[in-house]
Number of protein chains: 2
Amino acid sequence: MTENEVEIVEVGPRDGLQNIAKYVPTAVKIDLIRQLAGAGFTRMEFGSFVSPKAIPQMKDMEAVLEGLPPMPGVTGMTLVPNSKGAQRALAAGVKDLIFVMSVSEPHNQSNVRRPTEASIADFKATLEEIDPLGELTIRVGLATCFHCPFDGVIDEDKVISTIEKIVPIREGMEYAISDTTGMATPAHVKSLTKRCIDTFGGSARFCFHGHDTAGFGIANVLAAMEGGIRSFDTSVAGLGGCPFAPGATGNIPSEDVVYLFQRLGVTTGIDLEKLLDAGTMILAESGAPMASHVRAIPRARLFADLLGIPPSRAVAA
Amino acid sequence: MTENEVEIVEVGPRDGLQNIAKYVPTAVKIDLIRQLAGAGFTRMEFGSFVSPKAIPQMKDMEAVLEGLPPMPGVTGMTLVPNSKGAQRALAAGVKDLIFVMSVSEPHNQSNVRRPTEASIADFKATLEEIDPLGELTIRVGLATCFHCPFDGVIDEDKVISTIEKIVPIREGMEYAISDTTGMATPAHVKSLTKRCIDTFGGSARFCFHGHDTAGFGIANVLAAMEGGIRSFDTSVAGLGGCPFAPGATGNIPSEDVVYLFQRLGVTTGIDLEKLLDAGTMILAESGAPMASHVRAIPRARLFADLLGIPPSRAVAA
């Protein structure tokens, strides 16, 4: 990627859908991934191999993967919570795995009922078991890097010392520096992402995974960019919750981030019109609340500035 | 103001309410201003002296001002579209007037059916007529500084040359550099605000007036701050439209901006809890759509980080 190019990683099919109560049929999930690939995403979270009891929405993970058409150039990552999930992923032919652990102890305890240290040890053992030759591509989803629902604001040193424990397990892994609660400030995002890259940039890759709870999502994307990040997790239509409903915390909407970068002249490789179409489809099929600002702007008006057409003429046309 | 201090100017009673269809009774308008003053705002837009036919919501402007209790230390600005409006404002005892003109010709034409040049000439003549000794405090609301619904993105030179024509009319006036459509990018906001301050900082004051249409509101506030701005217009609860309804473009929500600055350790002088109360009241009374992210977060959780309390304990309490 050049300085003027970023990667947008679409997480709607996983982080988005898993928070939606209504079960989305397998065919719709497949159609969503297909449409998002058609819009130009080259990397996505396809879903997760978790217990169907814990997250019923993901119970058809194998069927989704089986039903996908060939999509050359598209990488699908799946989240696996443990060795069992990883085995399911491998059996389904997945080569890009996401393991999640939390910087904050109470959040890790709440999620997987063990200390962060134990999750790191499990992760190491699982990697040794399933991938002794290091042939898989591994992402570490590092939750609560900025703020925890139990502990509040997280000290940067705690994040750095957590990554220090994970990095020796394998060189070159990707870390999703995650604002899990969506309560990080832009200053914090810039500072921590820069420090991660400065400290571990030689042996790790970093992306920023944000949520839009406090409305700082777009500002945080730009702050991460100033920190040196060039890869961002976003979710079509802001799937995953509505910032206008108490407690709900959707991902940063893909449409808003793609539009932002297009207006700034930064290349994303995403076709905004096709992305809007994908969002329209999944909102209708899932009944999920819509959290994108850009979606609410009439399309002709939205595209006018990008095309250099006066918005008035675009709307009249 | 120190480097670590900003001014938040509450525009809900004017720019917010004027876009709300349902008529808000005089007593409620008075209560809103009173509550906002109680929350710590020292400068507000109280309303506008416009034609009651054009904006029925503002038809009771005199009654609102008459009904306000004494609020020492609080400055109330009112918008006046012309000499007639200015005379009404003076008769009501107002000493802080806002005159609006648009950088973009088609937007000025659409608003007041004359070229920008004619609006500037009118403004000059009105000032000479109503305030020959220069005793009033004047704000110029400079619309479409970044983006126009007719012309799209506005060239910076056009803004600078417009201000060049206004500055000689009177030294020391305030200019609200306005993102009228809410479609400005943060890079544009930083660049133009810096250029305005660099070019005219000796003979003019500047504030940033944003809307949240594209979801860039918070990022634009921070960008204006980087450009050197220390005064920001915002609207309680994002009154003035809902970004989730096509075409509607509310101001940047005061709650979100105040919370942002509190988290960043920047002094605003605003009591967020009282601001939230004022918003709850006006949302209930006006039926306006709520556009603040921060309002949707449970209060105890919202305040936990500011108080240094673990959010979990704050919620349990």
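These numbers were taken from a predicted model, which means no experiment stands behind them. (Residues numbered from 1 in each chain as written. Chains lettered and ligands numbered in written order. Predicted model: local features only at pLDDT ≥ 70, side-chain atom pairs only at ≥ 80, totals over all residues. Heavy atoms only, no water.)

## Brief notes about the overall build of chain A
For the record, the criterion: A run of H or I in DSSP counts as a helix once it spans at least four residues, and a run of E counts as a strand once it spans at least two, with each numbered from the N terminus. C-alpha atoms define the radius of gyration, and 2.2 Å times the number of residues to the power 0.38 defines the globule rule. Note on exposure labels: buried denotes an accessible area under 20% of the residue type's maximum, exposed denotes more than 50%, and partly exposed covers the range between, all computed with a 1.4 Å probe on protein chains only. Two residues qualify as a contact provided that any one of their heavy atoms is within 4.5 Å of a heavy atom in the partner residue. The convention is simple: Lys and Arg are positive, Asp and Glu are negative, and His and the chain ends are not counted. Charge positions are represented by NZ for Lys, CZ for Arg, CG for Asp and CD for Glu.
Of regular secondary structure, chain A possesses 13 helices and 10 strands. By the compact-globule yardstick of 20 Å for 317 residues, chain A fits well, its C-alpha radius of gyration being 19 Å. Expressed as lengths along the three principal axes of its C-alpha atoms, the size of chain A is roughly 60 × 40 × 40 Å. Sorting the 317 residues of chain A into buried and exposed places 60% on the buried side. When contacts within chain A are restricted to residue pairs at least 6 apart in sequence, long-range pairs at least 24 apart make up 74% of them. Across chain A, the centroid of the 28 positively charged side chains sits 4 Å from that of the 37 negatively charged ones.

## Topic: the packing of aromatic side chains
Selection criterion: Note on aromatic contacts: the rings of Phe and Tyr and the six-membered ring of Trp form a pair at centre separations within 6.5 Å, being stacked when their planes are under 30 degrees apart, edge-to-face when over 60 apart, and tilted otherwise. Only lysine NZ and arginine CZ atoms are considered, and such an atom sits over a ring when it is within 6 Å of the ring centre and within 35 degrees of the ring normal.
Taken as a whole, this structure holds 10 aromatic pairs over all chains when the rule is applied. Over the face of the ring belonging to Y23 of chain A we find K59 of chain A, whose NZ or CZ atom lies 4.7 Å from the ring centre.

## A word on the pattern of salt bridges
As a reminder, the rule being used: Each reported salt bridge corresponds to a side-chain nitrogen of Lys or Arg within 4 Å of a carboxyl oxygen of Asp or Glu.
Summed over all chains, the structure comprises 42 salt bridges over all chains. Between R195 of chain A and D157 of chain A there is a salt bridge, with its nearest N and O atoms 2.7 Å apart. Taken together, the residues span a long stretch of sequence, with R195 of chain A in helix α8 (residues 186-200) and D157 of chain A in helix α7 (residues 156-166) at a distance of 38 residues. On the basis of relative accessibility, which here comes to 29%, the residue R195 of chain A falls in the partly exposed class. Here R195 of chain B ties to E156 of chain B by a salt bridge, and the two come within 3.3 Å at their closest N and O atoms. Highlighted residues: R195 of chain B in helix α8 (residues 186-200) and E156 of chain B in helix α7 (residues 156-166), separated in sequence by 39 residues. Members of the salt-bridge network, linked through shared partners, are E7, R14, D15, R43, E45, R139, E174 and D233 of chain A.

## Here we look at the interface of chain A and chain B
Note the threshold: Once two parts are joined, some of their accessible surface, as seen by a 1.4 Å probe, is lost; buried area is that loss totalled over both. Any pair of N or O atoms that falls within 3.5 Å is considered a polar contact. Within protein, one atom must be able to donate a hydrogen and the other to accept it, and sequence-neighbouring residues count only if both atoms are side-chain atoms. Amino acid classes used here: Ala, Val, Leu, Ile, Met, Phe, Trp, Tyr, Cys and Pro are nonpolar; Asp, Glu, Lys and Arg are charged; the rest, including Gly, are polar.
The interface is formed by 45 residues belonging to chain A together with 45 residues belonging to chain B. Carbon and sulfur atoms supply 67% of the area that chain A and chain B bury against each other, a total of about 3,300 Å² over both sides. Seen at the junction of chain A and chain B, the total is 0 salt bridges. The interface formed by chain A and chain B holds 8 residue pairs in polar contact (both at pLDDT 80 or more) in total. Residue assignment for the side of chain A that touches chain B shows that the elements contributing at least two residues are β6 (147-148), β7 (152-153), α8, α9 (217-227), α10 (254-263), α12 (299-307) and α13 (311-316) of chain A. Of the residues that constitute the side of chain A that touches chain B, the class distribution is 29 nonpolar, 9 polar and 7 charged.

## Brief notes about unusual backbone geometry
Trans peptide bonds make up the majority, and among non-glycine residues the majority have a negative phi. Residues and elements named next belong to chain A. Even without being a glycine, R113 presents a positive backbone phi close to 55°. Along the chain, the position of R113 falls in the loop between α5 (105-112) and α6 (116-130). On the basis of relative accessibility, which here comes to 71%, the residue R113 falls in the exposed class. A positive phi angle, close to 60°, is found at A237, a residue other than glycine. On the basis of relative accessible area, A237 is assigned to the buried category, the value being 0%.

## Notes on the pairing of strand β10 (residues 231-234) of chain A
Our working definition: Seen with its strands pointing away from the viewer, a crossover is right-handed when the path leading from the first strand over the helix to the second is clockwise.
Neither face of β10 of chain A is exposed, since S231 and D233 of chain A on one face and F232 and T234 of chain A on the opposite face are all buried. For the crossover that starts at strand β9 (residues 204-209) of chain A, traverses α9 of chain A and ends in the parallel β10 of chain A, the hand is right-handed.

## Some details on the environment of G134 of chain A
All names here are of chain A. Residue position: G134 is located in the loop between α6 and β5 (137-143). The class of G134 is partly exposed, set by a relative accessible area of 38%. Measuring from C-alpha to C-alpha, the distance between G134 and E171 comes to 9.7 Å, with 37 residues separating the pair along the chain.

## Let's talk about the relation of the copies chain A and chain B
The condition that has to hold: Least squares is the method for superposing the copies, and the C-alpha atoms it fits come from residues with pLDDT of at least 70 in both.
Superposition of chain A onto chain B requires a rotation of 180° combined with a translation of 0.0 Å along the rotation axis, giving an RMSD of 0.0 Å. Seen this way, the second copy is the image of the first under a two-fold rotation axis. When each C-alpha of chain A is compared by its distance to the rotation axis, A219 of chain A comes out closest, at 2.1 Å. A symmetric contact is evident, with 100% of the interface residues of chain A recurring at the interface of chain B.

## A word on helix α4 (residues 83-91) of chain B
Helical geometry: 3.6 residues make up each α-helical turn, so side chains three or four residues apart lie on a common side. All names here are of chain B. Our working rule: It is the directions from the helix axis to the C-beta atoms whose arc is reported.
Of all the positions in α4, only G85, A86 and A89 are classed as buried. Within α4, the buried residues cover an arc of 100° as seen down the axis, which keeps them to one side. For α4, the exposed residues set more than 90 degrees away from the buried face come down to K84 and A91. On its buried face, α4 is in contact with β3 (75-79), β4 (96-102) and α6 (116-130). Two residues or fewer after α4 comes G93, characterised by a positive phi angle close to 90°.

## Concerning the confidence of the model for chain A
Short version of the rule: Each residue carries a pLDDT score, the predictor's confidence in it, ranging from 0 to 100.
Counting all residues, the mean pLDDT for chain A is 93, and 95% of those residues have values of 70 or more. In the predicted assembly, ipTM is 0.94 and pTM is 0.95.

## Remarks on α8 of chain B
Residue and element names in this part refer to chain B. What counts here: Between the first and last residue of a helix there are one fewer steps than residues, each counted as 1.5 Å, and that sum is the expected span.
In a regular helix each residue adds 1.5 Å, so 15 residues correspond to 21 Å; α8 covers 21 Å between its end C-alpha atoms and thus fits that length. Within the sequence span of α8, burial applies to P186, H188, V189, L192, T193, C196 and F200. Looking straight down α8, one finds that the buried residues subtend no more than 155° of arc, so they occupy a single side.

## So, the environment of I297 of chain B
Here I297 of chain B is to be found in the loop between α11 (272-286) and α12 (299-307). For the pair I297 of chain B and I98 of chain B, spaced 199 residues apart in the sequence, the C-alpha separation amounts to 34 Å.

## Re the packing of α6 of chain A against α7 of chain A
Residue and element names in this part refer to chain A. Note the threshold: Here an angle of 0 to 180 degrees is reported between the N-to-C directions of two axes, which are lines fitted to C-alpha atoms, with helices fitted over the stretch in contact. Our angle categories are set so that under 35 degrees counts as roughly parallel, over 145 as roughly antiparallel, 65 to 115 as roughly perpendicular, and the remainder as oblique. In a left-handed crossing the near helix is turned counterclockwise from the far helix by less than a right angle, and in a right-handed crossing that turn is clockwise.
Where α6 meets α7, the closest approach of the two axes is 10 Å, and the angle between their N-to-C directions is 25°. Regarding the angle of α6 to α7, the classification is roughly parallel. The element α6 and its partner α7 pack so that their crossing is right-handed. Contacts between α6 and α7 pair T116, E117, I120 and F123 from the former with T162, K165 and I166 from the latter. Of the residues that constitute the contact of α6 with α7, the class distribution is 3 nonpolar, 2 polar and 2 charged.

## Quick look at the pairing of strand β8 (residues 173-178) of chain A
Side-chain positions along a regular strand alternate between the two faces of the sheet. Residue and element names in this part refer to chain A. Note the cut-off: Here, strands pair whenever DSSP counts at least two bridges between them.
Taken across its 6 residues, β8 has 6 buried, putting it largely inside the fold. Burial of β8 is two-sided: the residues M173, Y175 and I177 facing one way and the residues E174, A176 and S178 facing the other way are all buried. Across 4 bridges, the pairing between β5 and β8 is parallel. Across the sheet, residue L142 finds its bridge partner in β8, namely I177. Two elements, β8 and β9, share 6 bridges in a ladder whose sense is parallel.

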